[in-house]
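The lines below spell out each chain.
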Amino acid sequence: MIEILTSNHDNAVAIRMNGELTTKDYEPVVSLLEDKISKHGKINLYCEVGELEEVEPGAIWKDLKFDARHFNDFERVAMVGDKQWLEWGAKFARPFTSAQVEYFDMSEKARAMQWVVAESNVPH
């Protein structure tokens, strides 16, 4: 499941992923992201990852296609979780995007959100 969290900032999207992720879960998120990109150009993303039970291959494919299509459309991406693989994933993603990608521990959720919605060029 992907839950869209509220945000008071037009150029930022906040989501939380838990449990099973299906292709259907991605549809409203992709629509929201594409809408924000078309309105604001570059946007920021807060992505909180909880316990993932299963991820459908189609969901992974949809995510990869979206990422490739919007390579330059993100300014900042905060990956929030408590899993070592998520921290590695954030580091691994850096060469493949023009966005600043940073990992935050679950205990740093508030700081991660502040970083995502802060003015441009604010260091982590």
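For the structure, see preceding data.
Below or above, wherever it landed, is the structure these notes cover.

**What about the overall build of the protein chain?**
Piece 1. Helix and strand counts for the protein chain come out as four helices and five strands.
Piece 2. When the helices and strands of the protein chain are read in sequence order from the N terminus, they spell out β-β-α-β-α-β-α-β-α.
Piece 3. Scaling as 2.2 N^0.38, a compact globule of 124 residues should have a C-alpha radius of gyration of about 14 Å, and the protein chain matches this with 13 Å.
Piece 4. In terms of overall dimensions, the protein chain has a C-alpha envelope of 35 × 30 × 30 Å along the principal axes.
Piece 5. Summarising the internal contacts of the protein chain: among those between residues at least 6 apart in sequence, 70% fall at separations of at least 24.
Piece 6. Of the roughly 7,200 Å² that the protein chain leaves accessible, carbon and sulfur atoms contribute 54%.
Piece 7. Across the protein chain, the mean location of the 14 positive side-chain charges is 4 Å away from that of the 22 negative side-chain charges.

**Some words on the nonpolar core**
Piece 1. Ranked by size, the top nonpolar core spans 24 residues in total, and within it Ile 15, Met 17, Leu 33, Leu 45, Phe 74 and Met 79 carry the most contacts.
Piece 2. Elements with a minimum of two residues in this core: strand 2 (12–21), helix 1 (23–40), strand 3 (43–55), helix 2 (57–69), strand 4 (74–81), helix 3 (84–93) and strand 5 (100–105).
Piece 3. Among the elements that take part in this core, helix 1 stands out by supplying five residues, more than any other.
Piece 4. If near-sequence neighbours (up to four positions away) are discounted, Met 17 is found in contact with Met 1, Ile 2, Tyr 26, Cys 47, Glu 48, Val 49, Gly 50 and Leu 52.
Piece 5. Grouped together as the second largest cluster of nonpolar side chains are ten residues, Ala 12, Ala 78, Ala 112 and Val 116 included.

**Points about the environment of Phe 71**
Piece 1. Summarising the element assignment, Phe 71 is placed in the loop between helix 2 and strand 4.
Piece 2. The sequence separation of Phe 71 and Ser 98 amounts to 27 residues, and the corresponding C-alpha distance is 6.7 Å.
Piece 3. When near neighbours in sequence (up to four residues on either side) are disregarded, Phe 71 contacts Phe 96, Thr 97 and Ser 98.

**Structural notes on the pattern of salt bridges**
Piece 1. Scanning the model with the defined rule gives six salt bridges in all.
Piece 2. A salt bridge links Arg 16 to Glu 48, with the nearest nitrogen and oxygen atoms 3.0 Å apart. Placement of the pair is Arg 16 in strand 2 and Glu 48 in strand 3, with a sequence separation of 32 residues.
Piece 3. Owing to a relative accessible area of 25%, Arg 16 belongs among the partly exposed residues under this scheme.
Piece 4. In this structure, Lys 109 and Glu 48 form a salt bridge, with 3.9 Å as the shortest nitrogen-oxygen distance. Of this pair, Lys 109 sits in helix 4 (residues 109–117) while Glu 48 sits in strand 3, placing them 61 residues apart in sequence.
Piece 5. By relative accessible area, which is 5% here, Glu 48 ends up buried.
Piece 6. Salt bridges sharing common partners tie together Glu 3, Arg 16, Glu 48 and Lys 109.

Conventions adopted
Residues numbered from 1 in each chain as written. Predicted model: local features only at pLDDT ≥ 70, side-chain atom pairs only at ≥ 80, totals over all residues. Heavy atoms only, no water. Helix = DSSP H or I, 4+ residues; strand = E, 2+ residues; numbered from the N terminus. Rg over C-alpha atoms; globule rule 2.2 N^0.38 Å. Contact = heavy atoms within 4.5 Å. Areas by Shrake-Rupley, 256 points an atom, 1.4 Å probe, with all protein chains shown as cover. Lys, Arg positive; Asp, Glu negative; His and termini not counted. Charge placed at Lys NZ, Arg CZ, Asp CG, Glu CD. Core = buried A, V, L, I, M, F, W, Y, C linked by side-chain atoms within 4.5 Å. Buried < 20%, exposed > 50% of the residue type's maximum accessible area, 1.4 Å probe, protein only. Salt bridge = Lys/Arg side-chain N within 4 Å of Asp/Glu carboxyl O.

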